[in-house]
Amino acid sequence: MHLFTPFECRDVTARNRVMVSPMCQYSCEAADGLATEWHRVHLGSRATGGAGIVMTEATAVTPRGRISPEDLGIWSDDHAEALAPIAEFMKSQGATPAIQPAHAGRKASTRRPADGYGPIHGDRGWTPVGPTETPWPYNDEEPLETQRLETDDIAELIDAWTAAAERAVAAGFEIVEIHAAHGYLLHEFLSPVTNTREDAYGGDFESRTRLLREVVTAVRETIPDGTPLFVRISATDWLPDRESWTVSDSARLASDLEPLGVDLIDVSAGAIHPDQQVPDTGPHYQVPYAEQVAEGGVPVGTVGGITTPEGADAIISNGRADLAIVGREHLRDPYFAIRAAQELGQEAPVPRQYTRGF
Ligand SMILES: Cc1cc2nc3c(=O)[nH]c(=O)nc-3n(C[C@H](O)[C@H](O)[C@H](O)COP(=O)(O)O)c2cc1C
């Protein structure tokens, strides 16, 4: 087993185990969530670059679920139509097109990083929703009034997730990854830091994980049996000073999700609260989390600080994870997977048009 051993999952075979990590582009032009030429070129280039799986950025299941007005969305058929040619192009390049449906929860309605991250009050913004009315605490700016989701709202939201997943498959995406990490809505329900509800969706582990389990069950029932379902989680809240979500919670969650039809846990970390104590983020800093989550036998992807072909290959060949998920290195080099294949002495997935360049 090595980085270029194909990844087989249900009806999908990805050509190698490099996955382009989901990365927000904040590039929808009219605040309408529709994919633009930027998305086509950005995702298309990573597909020509040789990665086995190319994942879209967080793609909002409802307009309120966007982090910023410029986020990508999949809340209508028009959104799926705009994404379909991108998925088709990725496939034509031998990459497996994957999508990350998402809901930002209480972290919604913010300015994109290029405009100076912070809450958008007034007409351009909207009311975020969360497990409680407690808003995301900004450092220097007034928080946004946040709406607590009631049981009826939750039922509507689950419908939004399934409709999004159905559209994603119709648009040609071959893997669906539910975004339950980074302090966004589903993570906000998982973590005792943000979920202090006292109903069926809050309280003990069972109740806090209920929403994610319901979303997973509904999405699994909606998408074809042959379509892999991934879930991205934050393995830990990085908040050892208070009751919070831990790596052992993640391992337990993974074992609960697998029987519901989850094929892989994409193991990330953090971002539930600004007080988080981020450890040293050196090379492969999150691999130990992935290993712990995999202890129950659930396949995992690991992400964070993977920047070299040898490093990515070592993770796979030493059995530390099933996928090497590469984010920022893919911003620097869309051809990371081709370069990796060349350096590792594997057949490089070079597009025919580019063979003279390699
Ligand atoms: C520009 C940018 C945008 C990101 N957007 C998302 C996102 O949409 N969804 C997500 O799950 N993670 C997102 N992340 C986190 C990355 O997917 C990845 O987990 C993180 O960058 C660590 O991996 P790396 O060290 O390889 O970059 C983003 C990261 C960056 C740098």
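None of these values were measured; they are calculated from a predicted model.

## A look at the pattern of salt bridges
Per the counting criterion, the structure on display carries 20 salt bridges. When the shortest N-O distance is used, the salt bridge between Glu37 and Arg40 registers 3.5 Å. One end of the pair is Glu37 and the other is Arg40, both in helix H1 (residues 37–48) and three residues apart, which spans about a single turn. Given the relative accessible area of 53%, Glu37 is considered exposed. Note that Asp275 is salt-bridged to Arg242, the shortest N-O span being 2.8 Å. With Asp275 in the loop between strand S13 (264–268) and helix H8 (287–293) and Arg242 in the loop between strand S12 (229–234) and helix H7 (247–257), the pair connects residues that are 33 residues apart, well separated along the chain. Residue Asp275 is classed as partly exposed on the basis of its relative accessible area of 40%. For Arg242, a relative accessible area of 31% translates into the label partly exposed. One continuous salt-bridge network, built from bridges that share partners, spans Glu329, Arg332, Asp333, Arg339 and Glu343.

## Section: the packing of aromatic side chains
Applying the stated criterion across every chain, the model contains five aromatic pairs. For the ring pair Tyr117 and Tyr138, a centre distance of 6.1 Å and an interplane angle of 45° mean the geometry is tilted. Taken together, the residues Tyr117 in the loop between strand S7 (110–111) and strand S8 (118–119) and Tyr138 in the loop between strand S9 (129–130) and strand S10 (147–148) connect sequence positions 21 residues apart. A residue is classified by how much of its surface remains accessible, and Tyr117, at 41% relative accessible area, is partly exposed.

## Comments concerning the pairing of strand S15 (residues 323–326)
Residue alternation in S15 divides its side chains into two sets, Leu323 and Ile325 and Ala324 and Val326, and both sets are buried. Judged from the three bridges that link them, strand S14 (residues 300–303) and S15 form a sheet pairing that is parallel. Directly across from Thr302, in S15, lies its bridge partner Ala324. For the crossover from S14 across helix H9 (residues 309–317) to S15, the handedness is right-handed.

## Description of the site of the ligand
Around the ligand there are 16 residues in total, and Ser21, Pro22, Cys24, Gly305 and Arg328 lie nearest to it. Contact between the ligand and Cys24: a nitrogen atom at 2.8 Å from a main-chain N or O atom of the residue. Residue Gly305 places a main-chain N or O atom 2.7 Å away from an oxygen atom belonging to the ligand. Coverage of the ligand by the protein amounts to 81% of the 610 Å² it exposes when considered alone. Taking a 2 Å distance to the grid points as the criterion, the majority of the atoms of the ligand fall inside the largest pocket.

## Here's the deal with the pairing of S13
Where burial is concerned, most of S13 is hidden: five out of the five residues are buried. Burial along S13 is two-sided: Leu264, Asp266 and Ser268 and Ile265 and Val267, pointing in opposite directions, are all buried. With five bridges connecting them, S12 and S13 associate as parallel partners. Of the residues in S13, the one forming a bridge with Val231 is Ile265. Sheet topology note: the S13/S14 ladder contains three bridges and is parallel. Bridging across to S14, Asp266 finds its partner in Gly301.

## Here we look at the nonpolar core
Counting residues in hydrophobic clusters, the biggest one holds 80 residues, and the most contacted among them are Ile178, Leu212, Val219, Val231 and Ile265. In contact with Ile265, other than residues within four places in its own chain, are Val231, Ile233, Ala254, Leu257, Val293, Val298, Pro299, Val300 and Gly301. In terms of nonpolar packing, the next biggest core, distinct from the first, is built from 14 residues, Phe230, Leu264, Val303 and Ile325 among them.

## Quick look at the side chain of Ser244
Tracing the backbone through its elements, the reader meets Ser244 in the loop between S12 and H7. In this structure the side chain of Ser244 is engaged in a polar contact, spanning 3.0 Å, whose partner is the backbone oxygen of Leu239.

Conventions we followed
Residues numbered from 1 in each chain as written. Predicted model: local features only at pLDDT ≥ 70, side-chain atom pairs only at ≥ 80, totals over all residues. Heavy atoms only, no water. Salt bridge = Lys/Arg side-chain N within 4 Å of Asp/Glu carboxyl O. Helix = DSSP H or I, 4+ residues; strand = E, 2+ residues; numbered from the N terminus. Buried < 20%, exposed > 50% of the residue type's maximum accessible area, 1.4 Å probe, protein only. Phe/Tyr/Trp six-rings, centres within 6.5 Å; stacked < 30°, edge-to-face > 60°. Pairing = 2+ DSSP bridges. Right-handed = clockwise from strand over helix to strand, strands pointing away. Near = heavy atom within 4 Å. Polar contact = N/O pair within 3.5 Å; in protein donor to acceptor, adjacent residues only side chain to side chain. Areas by Shrake-Rupley, 256 points an atom, 1.4 Å probe, with all protein chains shown as cover. 1 Å grid on protein atoms, 1.4 Å probe; cavity = no way out; pocket = protein on both sides within 12 Å on 5 of 7 lines; lining within 4 Å. Sits in = over half its atoms within 2 Å of the grid points. Core = buried A, V, L, I, M, F, W, Y, C linked by side-chain atoms within 4.5 Å. Contact = heavy atoms within 4.5 Å.

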